[in-house]
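# Structural overview for review
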Amino acid sequence: MSLPILTSAPGKVIIFGEHSAVFNEPAIAASVNSLRTYLLVTETEDSDIVELDFPDIGLDHKWHAKELSQIAAPSRIAASEHSKNLNPALNAALEPLLKPLHGSLQYHAAYCFLYLYSCLCGSRRGVKFSVKSSSPIGAGLGSSASISVCLALAVGKFGGHLNSEPEKLSKQELDFVNEWSFIGEKCIHGTPSGIDNAVATYGNAVLFQRQPNAETKLEHILNFPQIPMILTNTKIPRSTKVLVGGVQDLITRQPEIISPILKAMGQLASRGAKILADLNESNLADLCELVRINHGLLTSIGASHPGLEVIKSLSDSMSIGSTKLTGAGGGGCAFTILNQDASLKDIEKFKNTLETQYNYQTYTTGLGGPGCVFLPSEEIQQNISVIEPLFKKSANVSDLNAALLPGISGLKWVH
Ligand SMILES: Nc1ncnc2c1ncn2[C@@H]1O[C@H](COP(=O)(O)OP(=O)(O)O)[C@@H](O)[C@H]1O
Ligand SMILES: C[C@@](O)(CCOP(=O)(O)O)CC(=O)O
Ligand SMILES: [Mg+2]
């Protein structure tokens, strides 16, 4: 496909089943349309380079054709043949290119990019990838999956793998994006379950279960109910890779204790799916009960943080609703499902306390909505003077969403 290319994918909230999803238990996640990542791919003046400009994490890096030519063609082919696992030969070939970024937050984003680019774009040069996100990064809202999905869709198109219908992404194309973004997630956090990239690819909400043979069972929930909730970001930084690794260590040390806890989390997701299929005034309290139990189990496996417990104890002491961390935990976000009788005054007081006393950020956001999308080249070219400045470091998040948000911005995104 010709340049420029613009792609976008949403963040997500895991309602039930984070961590246990990695161990083949069912889990439920819904996309969040207003928290999206956007990727713009443009031609560079220097036809010899590949450039990354990821200002959200302070990454601006160029690789020259000479360095990139060290990635041997055979490893490219092997990797694309085995798109379910990272290829050791390709990893070894990428290592020298990633060396300058070792030990930094930027390493995993660059690794994800280089891996997908090497597998799917062959030897194309003279191109710049710019990424901006309206979602907080490393906060449990799936920014790693949304950048992986944006990259898989863009390099899939640029590499000529996704050429069919211009007016719609086909089921096969979405499956391709899901498969390759899972590989991108592996580069960023080692052993993902695949739930985040699935919901960022297909949108809406999913009931997801990884199978022992690494296949996945995916049920799309098209009419996800609007759950009355407040999402709170503690802004406490953490890494999914570290937290998932911590749970793995705990299982190794205490298998008889931790395995049943993970199983119970899977049961919560299955029960939760039944309630969500017909959420109404009479079963909202049952959903809240499951939320409280899931948070307690996540705390027992070390996924909470004192900063998350602040949100839980405030919601408990104000009797306003039920709180659960979402995503990998250890900081990042929690959501609070509001009780039926929570008054507007109390809801405001709850948000205000978290924002002013703790410097947290609260969101009142709808769940569900489109998955990955792209903008046709002609549409980008017509709007390039508006689009390009949005990818600068100084551009602010509200301008990004106002100009680009699918369904709001007026741009003709292809779903
Ligand atoms: N907008 C972005 N720009 C650059 N890298 C990003 C962006 N969003 C996510 N990432 C990558 O994803 C990582 C965060 O992923 P993770 O720890 O899984 O947290 P989460 O997915 O909850 O946001 C970052 O360290 C970075 O490598
Ligand atoms: C902990 C986990 O269940 C969710 C991680 O989500 P996030 O990266 O914190 O947004 C891991 C996974 O399912 O891949
Ligand atoms: Mg992540």
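Residues numbered from 1 in each chain as written. Chains lettered and ligands numbered in written order. Predicted model: local features only at pLDDT ≥ 70, side-chain atom pairs only at ≥ 80, totals over all residues. Heavy atoms only, no water.

### Comments concerning the domain arrangement of the protein
Interface size, as often reported, equals the accessible area lost upon joining of the parts. Which entries qualify depends on this criterion: By convention here, the domain bounds are inherited from an automatic or database domain assignment. The criterion used for residue contact is that any of the two residues' heavy atoms lie within 4.5 Å. As used here, buried area is the combined drop in accessible area, with a 1.4 Å probe, of two parts when they are placed together. By definition, a salt bridge exists where a carboxyl oxygen of Asp or Glu is found within 4 Å of a side-chain nitrogen of Lys or Arg. Segments assigned H or I by DSSP are reported as helices when at least four residues long, segments assigned E as strands when at least two residues long, and all are numbered from the N terminus. Basically, the charged four are Asp, Glu, Lys and Arg, the nonpolar ten are Ala, Val, Leu, Ile, Met, Phe, Trp, Tyr, Cys and Pro, and anything else, Gly included, counts as polar.
Domains assigned within the protein are domain 1 (5-222 + 370-404) and domain 2 (227-367). Across the boundary between the two partners, domain 1 contributes 31 residues, which contact 41 residues of domain 2. The contact between domain 1 and domain 2 buries some 2700 Å² in all, and 70% of this surface belongs to carbon and sulfur atoms. The largest share of the area that domain 1 buries against domain 2 comes from Phe-16, His-19 and Phe-23, three residues that together contribute 26% of it. Here domain 1 and domain 2 share two salt bridges between them. With a shortest N-O distance of 2.8 Å, Lys-324 and Glu-18 are connected by a salt bridge. At the level of secondary structure, the elements contributing two or more residues to the side of domain 1 that touches domain 2 comprise β1 (5-16), β2 (27-43) and α6 (171-189). With seven residues, the single largest contributor to the side of domain 1 that touches domain 2 is β2. Class assignment for the residues of the side of domain 1 that touches domain 2 results in 17 nonpolar, eleven polar and three charged.

### Description of the pairing of β1
Regular strands show a simple pattern: their side chains alternate between the two faces of the sheet. Going by this rule: Using a 1.4 Å probe on the protein chains alone, a residue whose accessible area is under 20% of its type maximum counts as buried, one over 50% counts as exposed, and one in between counts as partly exposed. Here, a strand pair is defined by DSSP locating no fewer than two bridges between the strands.
Of all the twelve residues making up β1, twelve are buried; the element is thus mostly covered by neighbouring parts of the structure. Pairing geometry for β1 and strand β12 (residues 373-375), over three bridges, is antiparallel. Pairing of Ser-8 across the sheet is with Val-373, part of β12.

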